[in-house]
Amino acid sequence: MNRSPRRRVLAASLSAAAAVLAAAGSVLLTAGSADAATTLGASAAQSGRYFGTAVAAYKLSDSVYSTILDREFNMVTPENEMKWDATEPSQNSFNYNSADQIVNHAQSHNQRIRGHALAWHQQQPGWVSGLSGTALRNAMLNHVTQVATHYKGKIYSWDVVNEAFADGSSGARRDSNLQRTGNDWIEAAFRAARAADPGAKLCYNDYNTDGVNAKSTAVYNMVQDFKARGVPIDCVGFQSHINPQSPVTSDYQANLQRFADLGVDVQITELDIEGSGTAQANTYATVVNACLAVARCNGITVWGIRDSDSWRSSGTPLLFDNSGNKKAAYTSTLNALNAVGPTGPTTGTTTGGPTDPPPSSPTTPPPGGACSATVSLNQWTGGFVATIRVTAGSGALNGWSVGVALPGGATVTNTWNAMASGSSGAVNFANVSYNGSVAAGQSTEFGFQGTGVGPSGTPSCTAR
Ligand code: 9MR
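Everything numeric here is computed off the predicted structure, so don't read it as measured data.

Asker: I'm lost on the overall build of the protein in this one. Help?
Answerer: The number of helices and strands found in the protein is 11 helices and 17 strands. Out of the 464 residues in the protein, the part that is buried amounts to 54%. For the protein, the proportion of contacts with a sequence separation of at least 24, taken over those separated by at least 6, is 76%. When the accessible surface of the protein is summed, it comes to about 18000 Å², and 52% of that surface belongs to carbon and sulfur atoms.

Right, dumping it as structure tokens:
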């Protein structure tokens, strides 16, 4: 079980705190009360996660709406404003007005932003329907590049590609105009997004992938293939639109975990659960607990604030009623988040994790050195994921290699965004074609997964 070690750590820290207070003559604490946060964002932050919502720009002037938004949430997803039809209404003519409104609001309220969505078969502007083949491929890549560049440095994670797989048992790609430009359109979009904004986590996002099924397995196989070939992908979004036709299945958590084990973050990106009362509240708790039990599940976003804000408002699927009152589902969600307490899923054995700043954030280059590298380790019993940040010194890099010393018994099983030489002992990682160039003082990241215990020392970095 993933959760029991955290519970033990929490219990230990609470009893230690209680002992100190008792010694000082204070009242004893009851478990949980010391750290219980009172908002969704703050309670998720206790374990290094975020809690977000979809936001519509035109609702920001509604004070009931914005009061809840700014009190409860620390991540926002523009519900429609960053989509292709909104941002590029005619070819190569971009309009960021509504999306910028959300971004500006978020930035002034300490909220981060999930960008949604760069390439999708729906909500395309009319002019796209006149294109096919190379012209469409190039238009899509230009769109990805322009939008990701406009928001460079402001996006926590991008849904680079949305809903590209077919429903049902085929495990096939969805037929769409984008798919007909060639099967490699998804990886082309990811590479373009990485080149435009190397600091954003790049996600694949889909629905009906919330349990282990043919569709989610097809996505899983794609992510595994991308990792093996160095296609940049950092995260997978699980929309989780839950209703009687699409219930939460018993393998929900296991499904998140199998993706995390590929070396990507997982995020619940568009959560809504149709229903009411205790049943709805319990289902929310189930989903939240599944995320909390997966170390690399680094955040949850609900698809709107009040039931009346929902794309499926008749199903009353959200956490606040039409008047903005907290529902039972709100309370169960908050309680589930608070039950994890202040110890993150990886506390004690690791550094870094889901709250790491993106690699583009300013770092201090080593004086005179060509490059430096730092490691952030997610260690669990029997295995680890290491994320290495390579930072250029006072000059730009045109290629780099990083040496890592693995303890005895450890083996690298999977590497992304670098080429590994060797798999145990002293292992060397060289840049791949798209991340060898790093501007002075800037950073890039690569990672690897392994069995055994991950590296603990500082890796060496050499400019090539
Ligand atoms: O919530 C969005 C709604 O306002 C739009 O009319 C709709 C149009 O396609 O898109 C909704 O958001 C979708 C999201 O972008 C992708 N996953 C499914 C969401 C619900 O349809």
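The structure having been displayed, the exposition proceeds.
Asker: It is not clear to me how the pattern of salt bridges should be interpreted in this structure. Could you clarify?
Answerer: Proximity of charged atoms lets side chains of opposite charge pair with each other. The tally for this structure, following the rule as stated, stands at 17 salt bridges. With a shortest N-O distance of 2.9 Å, arginine 229 and glutamate 187 are connected by a salt bridge. Of this pair, arginine 229 sits in helix 8 (residues 214–229) while glutamate 187 sits in helix 7 (residues 185–196), and the two are 42 residues apart along the sequence. According to the relative accessible area criterion, glutamate 187 is buried, its value standing at 15%. One continuous salt-bridge network, built from bridges that share partners, spans Lys59, Asp62, Arg306 and Asp309.

Asker: How should the site of the ligand be read in this particular structure?
Answerer: Taken together, 14 residues lie around the ligand, and Glu79, Lys83, His116, Glu163 and Glu270 are the ones closest in. In this structure, lysine 83 approaches the ligand through a side-chain N or O atom, which is 2.6 Å from an oxygen atom. One of the side-chain N or O atoms of glutamine 122 is found 3.2 Å from an oxygen atom in the ligand. Looking at the shell around the ligand, its residues break down into 3 nonpolar, 7 polar and 4 charged.

Asker: Got a minute to help me understand the state of the cysteines in this structure?
Answerer: Should the sulfur atoms of two cysteines be covalently bonded, the bond is a disulfide. All chains considered together, the criterion is met by 3 disulfides. At a sulfur-sulfur separation of 2.1 Å, the disulfide partner of cysteine 203 is cysteine 235. Linking cysteine 203 and cysteine 235, the disulfide has an S-S dihedral of approximately -90° and is accordingly described as left-handed. Placement of the pair is cysteine 203 in strand 5 (residues 201–206) and cysteine 235 in strand 6 (residues 235–238), with a sequence separation of 32 residues. Note on accessibility: cysteine 203 and cysteine 235 belong to one class, buried. The disulfide that involves cysteine 371 links it to cysteine 461, with 2.1 Å between the sulfurs. Sign of the S-S torsion, about -110° for the bond between cysteine 371 and cysteine 461, identifies this disulfide as left-handed. Highlighted residues: cysteine 371 in strand 10 (residues 371–380) and cysteine 461 in strand 17 (residues 460–463), separated in sequence by 90 residues. When the bonded cysteines of the protein are numbered from the N-terminus onward, they pair as 1-2, 3-4, 5-6.

Basis of the calculations
Residues numbered from 1 in each chain as written. Predicted model: local features only at pLDDT ≥ 70, side-chain atom pairs only at ≥ 80, totals over all residues. Heavy atoms only, no water. Helix = DSSP H or I, 4+ residues; strand = E, 2+ residues; numbered from the N terminus. Buried < 20%, exposed > 50% of the residue type's maximum accessible area, 1.4 Å probe, protein only. Contact = heavy atoms within 4.5 Å. Areas by Shrake-Rupley, 256 points an atom, 1.4 Å probe, with all protein chains shown as cover. Salt bridge = Lys/Arg side-chain N within 4 Å of Asp/Glu carboxyl O. Near = heavy atom within 4 Å. Polar contact = N/O pair within 3.5 Å; in protein donor to acceptor, adjacent residues only side chain to side chain. Nonpolar A, V, L, I, M, F, W, Y, C, P; charged D, E, K, R; others polar. Disulfide = S-S within 2.5 Å.

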